[in-house]
Amino acid sequence: MSEYILIVEGEADRGFFELLCNKLELGVTVKVQPPKELGISHNTKEGAFKALKACLELMGVAGGGVEKLAIVVDADAAENGTGFARTLRRVEKIVSEYGFSTPTAATAGGCLFQHSDGLNPFGLWIMPNHADDGMLEHWLSECVSQEQIALFHHAQACVDALPTRLFKPLRRAKADIATWLAWQEKPGEGLYHCVEAGLLDETAQQYQALVSWLRAVFSPA
């Protein structure tokens with residue numbers, strides 16, 4: 001049986017995207033998989049790239065290959081040696097070796113790579129918005145519901161007031177989201193709780209863009 005696979009960097013991302021894909025009722029079962037589930041030693045961004053190569057080997061294989069494939073990775077930051085532009089070039093280089101062409105925009109975010117032999121397009125979304133540096137938590141920050149926005153802003157103010165910050169500036173969004181989630185009805189839940197508890201504004205531009213991209217990649221034609 002052919003599979004529909006969404007590669008993510010780690011378990012936190014997997015939990016979030018599993019609930020989001022189920023909520024969207026895409027019409028197919030999407031397997032959200034971090035690198036370790038695909039035989040790679042570590043759940044990291046680099047591990048996700050290695051997992052991508054492994055899955056591309058199975059694209060179009062009859063009787064059990066990968067039917068549709070996509071990946072979501074963080075842009076991170078240019079000053080740390082990655083960033084949006086470098087991440088995009090890295091993925092372009094990997095998929096070009098398997099017959100996929102220069103990507104075309106799928107929505108207001110994300111892109112699709114067409115294949116020269118007619119395989120299903122490969123989907124790429126670089127968090128947060130397929131344009132800027134950042135990560136999934138930056139995307140979440142842009143999608144907080146109106147009912148939650150005051151609490152979220154208070155969480156940000158508390159992080160601002162810390163006498164010492166041990167985390168790097170790029171990880172500030174992680175601190176904001178973790179603080180906000182710690183104050184919910186079920187403190188200590190993972191990123192999946194944003195979907196589970198309805199904490200996001202489903203009309204937000206970035207939310208709609210991600211949903212449109214997921215549908216463009218995985219929904220049946």
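Residues numbered from 1 in each chain as written. Predicted model: local features only at pLDDT ≥ 70, side-chain atom pairs only at ≥ 80, totals over all residues. Heavy atoms only, no water.

A description of the state of the cysteines should follow, citing residues and the corresponding values.
Considering all chains together, one arrives at zero disulfides under this definition. Considering cysteine sulfurs only, Cys-21 is the nearest to Cys-111, which forms no disulfide, with 17 Å between them. Overall, the relative accessible area of 4% leaves Cys-111 in the buried class. For the unlinked cysteine Cys-158, the closest cysteine sulfur is that of Cys-194, found at 18 Å. (Disulfide = S-S within 2.5 Å. Buried < 20%, exposed > 50% of the residue type's maximum accessible area, 1.4 Å probe, protein only.)

Break down the side chain of Asp-76 for me, with residues and values.
Within the secondary structure, Asp-76 is located in the loop between β3 (66-74) and α3 (83-96). A distance of 3.4 Å separates the side chain of Asp-76 from the side chain of Lys-45, its partner in a polar contact. Discounting chain neighbours no more than four positions away, the residues touching Asp-76 are Lys-45, Thr-82, Gly-83, Asp-133, Gly-134, Met-135 and Leu-170. (Helix = DSSP H or I, 4+ residues; strand = E, 2+ residues; numbered from the N terminus. Polar contact = N/O pair within 3.5 Å; in protein donor to acceptor, adjacent residues only side chain to side chain. Contact = heavy atoms within 4.5 Å.)

Describe the packing of helix α2 (residues 45-56) against α3, listing the residues and the values that go with them.
It is at 10 Å that the axes of α2 and α3 come closest, and there the two elements cross at 25 degrees. As the angle between them shows, α2 and α3 are arranged roughly parallel. Every pair of crossing elements has a handedness; the one defined by α2 and α3 is right-handed. Where α2 abuts α3, its residues Lys-45, Glu-46, Phe-49, Leu-52, Lys-53 and Leu-56 lie against Thr-87, Arg-90, Val-91, Ile-94 and Val-95. Residue composition of the contact of α2 with α3, grouped by class: six nonpolar, one polar and four charged. (Axes fitted to C-alpha atoms, helices over the stretch in contact; angles between N-to-C directions. Parallel < 35°, antiparallel > 145°, perpendicular 65-115°, else oblique. Left-handed = near helix turned anticlockwise from the far one by under 90°. Nonpolar A, V, L, I, M, F, W, Y, C, P; charged D, E, K, R; others polar.)

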